[in-house]
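Architecture and fold: a report
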Protein chains: 2
Amino acid sequence: MRVLGVDPGLTRCGLGIVDQGAQRKLALVAVDVVRTSPDTDLAVRLFAVQCAVEQWLDDHQPDAVALERVFSQHNVRTVMGTAQVSGVVMAAAAKRGVPVVLHTPSEVKAAVTGNGRADKSQITHMVTRILMLESSPKPADAADALALAICHLWRGPAAARLAAAQKAAGPVRTQWKVPGGRS
Amino acid sequence: MRVLGVDPGLTRCGLGIVDQGAQRKLALVAVDVVRTSPDTDLAVRLFAVQCAVEQWLDDHQPDAVALERVFSQHNVRTVMGTAQVSGVVMAAAAKRGVPVVLHTPSEVKAAVTGNGRADKSQITHMVTRILMLESSPKPADAADALALAICHLWRGPAAARLAAAQKAAGPVRTQWKVPGGRS
């Protein structure tokens, strides 16, 4: 199984491809960071990220995309850009029929370090060890993208069993309602 | 000049095309609302909106896209979906070289009703009058999309003067870089 991990961002968007082969062994396939300048028009920046993500989807043909779930507690301006990038990434994957799974930052940290509140250096350290790399992926966004892919591959079997159990239990009401106005 | 107004939303995304012709007369070209079900996978919903917006851009060839600026003060869940849709819309316009201009809800309300805090019924009323429609565009998202297009056409000359002044003030760095990296 091959997973594209995406750490969404406008200034730096981390992309990492990890393969899981025999004996569940993980291997790095590709890692990079797409950069766009804050001086550039916002729409053009989003299109640049879209082009890069579409290229990676076409070049590497992943089975799934693991994307960081965006929360809006943090810096408002950053969060809006991150949400816009995540929208572009999700649409690009759906266009190719590649499923997108969202993972929260704490799920990713817990999966790769065992600690949901691990710091960036711990993530980078563990990603380097898990993928048996000779040097640490840099910048942190690149390591985060690989951590997302690893998290997805390791959580995958459990998530698949949960989905199967839910399916066996009968239909689940999945509708959510946004009070007052549009969504 | 032809403008595509977009009121971004996941459940309902308003799209409206308005032309400005001789004597600055405005005319409705097309209006519709793209709907996606909350039961559908988020990535698939975003792709559905992307398809619709790309179709409208190709069919109607607007000179500009007027998009509502998203704020994150409101309901968190709604705002994230709206930001994701706006990202998809911006990338689709940039792909075609169509400039995107963001207008705040109060700018739009002020432009079409003279009151930055006008309610939805006032917006619908004024859009119907300005475009000399026989009946009101419904739902409100359709009227909002047309109001965005009207706002852009009416604010356009002032915005164009501002852009010209900025241009005269010196070059803006617009380059973005996608590093080759390992792949």
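What counts and what doesn't
Residues numbered from 1 in each chain as written. Chains lettered and ligands numbered in written order. Predicted model: local features only at pLDDT ≥ 70, side-chain atom pairs only at ≥ 80, totals over all residues. Heavy atoms only, no water. UniProt positions renumbered as here; feature names shortened; annotations may be inferred. Helix = DSSP H or I, 4+ residues; strand = E, 2+ residues; numbered from the N terminus. Contact = heavy atoms within 4.5 Å. Buried < 20%, exposed > 50% of the residue type's maximum accessible area, 1.4 Å probe, protein only. Pairing = 2+ DSSP bridges. pLDDT = per-residue confidence, 0-100. Core = buried A, V, L, I, M, F, W, Y, C linked by side-chain atoms within 4.5 Å. Polar contact = N/O pair within 3.5 Å; in protein donor to acceptor, adjacent residues only side chain to side chain. Salt bridge = Lys/Arg side-chain N within 4 Å of Asp/Glu carboxyl O. Axes fitted to C-alpha atoms, helices over the stretch in contact; angles between N-to-C directions. Parallel < 35°, antiparallel > 145°, perpendicular 65-115°, else oblique. Left-handed = near helix turned anticlockwise from the far one by under 90°. Nonpolar A, V, L, I, M, F, W, Y, C, P; charged D, E, K, R; others polar.

Labelled according to an unreviewed UniProt entry, chain A appears under the name Crossover junction endodeoxyribonuclease RuvC, originating from Tenggerimyces flavus. Under Sequence similarities (unreviewed entry), UniProt gives the following word-for-word description of chain A: "Belongs to the RuvC family."

1. Some thoughts on the overall build of chain A
Helices and strands together make up the secondary structure of chain A, namely five helices and five strands. In chain A, of all internal contacts separated by at least 6 residues, the share reaching a separation of at least 24 is 62%.

2. Brief notes about the environment of threonine 128 of chain A
Within the fold, threonine 128 of chain A resides in helix H4 (residues 120–130). Distance in space between the C-alpha atoms of threonine 128 of chain A and alanine 143 of chain A is 8.2 Å, their sequence separation being 15 residues.

3. What to know about the UniProt feature "active site" (unreviewed entry) in chain A
Residue and element names in this part refer to chain A. Within the UniProt annotation, "active site" (unreviewed entry) is assigned to Asp7, Glu68 and Asp141. Spatial clustering of the annotated residues is evident: they stretch over 135 residues in sequence, but the largest pairwise C-alpha distance comes to 11.2 Å. The residue aspartate 7 is located in strand E1 (residues 2–7) in this model. With residues up to four places along the chain from it excluded, the contact list for aspartate 7 reads Arg12, Cys13, Gly14, Glu68, Asp141, Asp144, Ala145 and Leu148. Inspection of the secondary structure assignment puts aspartate 141 in helix H5 (residues 140–168). For aspartate 141, a relative accessible area of 13% corresponds to the buried category. The contacts of aspartate 141, once residues within four sequence positions are left out, are Asp7, Arg12, Gly14 and Val33.

4. With respect to the pairing of E1 of chain A
Residue and element names in this part refer to chain A. Counted residue by residue, E1 has five buried out of six residues, so it is predominantly covered. Joining the antiparallel neighbours E1 and strand E2 (residues 12–20) is a turn of four residues. The pairing of E1 with strand E4 (residues 64–68) spans four bridges and is classified as parallel. Paired with glycine 5 across the strands is alanine 66, a residue of E4.

5. Some remarks on the confidence of the model for chain A
Mean pLDDT over chain A works out to 87, with 82% of the residues at or above the 70 mark. Of the regions scoring below 50 in pLDDT, residues 171–183 of chain A engages in 26 contacts with residues more than four places distant in sequence or in other chains.

6. Let's talk about the UniProt feature "binding site: Mg(2+) 2" (unreviewed entry) in chain A
All names here are of chain A. Following the UniProt record, the feature "binding site: Mg(2+) 2" (unreviewed entry) maps to Glu68 here. The topology assignment puts glutamate 68 in strand E4. For glutamate 68, a relative accessible area of 23% translates into the label partly exposed. Setting aside residues up to four positions removed in sequence, glutamate 68 forms contacts with Val6, Asp7, Pro8, His103, Pro105 and Leu148.

7. What to know about the nonpolar core
Among the nonpolar cores identified, the biggest contains 54 residues, and Val65 of chain A together with Val65 of chain B are the most heavily contacted of them. Once you skip the residues sitting within four places of it in the chain, valine 65 of chain A turns out to touch Leu4, Val6, Leu57, Val89, Ala93, Val98, Pro99, Val100 and Val101 of chain A. Counting residues in hydrophobic clusters, the runner-up holds 23 residues, among them Val31, Ile123, Ile130 and Ile150 of chain A.

8. Things to note about the side chain of glutamine 20 of chain B
All names here are of chain B. By secondary structure assignment, the location of glutamine 20 is in strand E2 (residues 12–20). For glutamine 20, a relative accessible area of 17% corresponds to the buried category. One polar contact links the side chain of glutamine 20 to the main-chain carbonyl oxygen of arginine 24, over a distance of 3.5 Å. Discounting chain neighbours no more than four positions away, the residues touching glutamine 20 are Met1, Lys25, Leu26, Leu153 and Trp154.

9. Focus on the pattern of salt bridges
All names here are of chain B. Going through the model one piece at a time under the given rule, you end up with 14 salt bridges over all chains. Among the ionic pairs, aspartate 19 bridges to arginine 2, the shortest N-O distance being 2.7 Å. Of this pair, aspartate 19 sits in strand E2 while arginine 2 sits in strand E1 (residues 2–7), and the two are 17 residues apart along the sequence. With relative accessibility at 22%, the residue aspartate 19 sits in the partly exposed group.

10. Details of the packing of helix H3 (residues 105–113) of chain B against helix H4 (residues 120–130) of chain B
Residues and elements named next belong to chain B. Contact geometry of H3 with H4 gives a least axis separation of 9 Å together with a crossing angle of 50 degrees. Classified by the angle their axes make, H3 and H4 are oblique. For the crossing formed where H3 meets H4, the hand is left-handed. Seen from H3, the contacting residues are Lys109, Val112 and Thr113; seen from H4, they are Gln122, Ile123, Met126 and Ile130. Residue composition of the contact of H3 with H4, by class: four nonpolar, two polar and one charged.

11. Quick notes on the sheet that holds E1 of chain B
All names here are of chain B. Spatially, the five strands line up as an open sheet ordered E3-E2-E1-E4-E5, and their pairing is mixed. Bordering the open sheet on either side are strand E3 (26–35) and strand E5 (100–103), each of which pairs with just one other strand. Going from strand to strand, the sheet's axes swing by 20 degrees on average, the running direction of each strand aside.

12. Remarks on the environment of alanine 22 of chain A
Turning to its location among the elements, alanine 22 of chain A is positioned in the loop between E2 and strand E3 (26–35). Between the alpha carbons of alanine 22 of chain A and methionine 1 of chain A there is a distance of 9.9 Å; along the sequence they are 21 residues apart.

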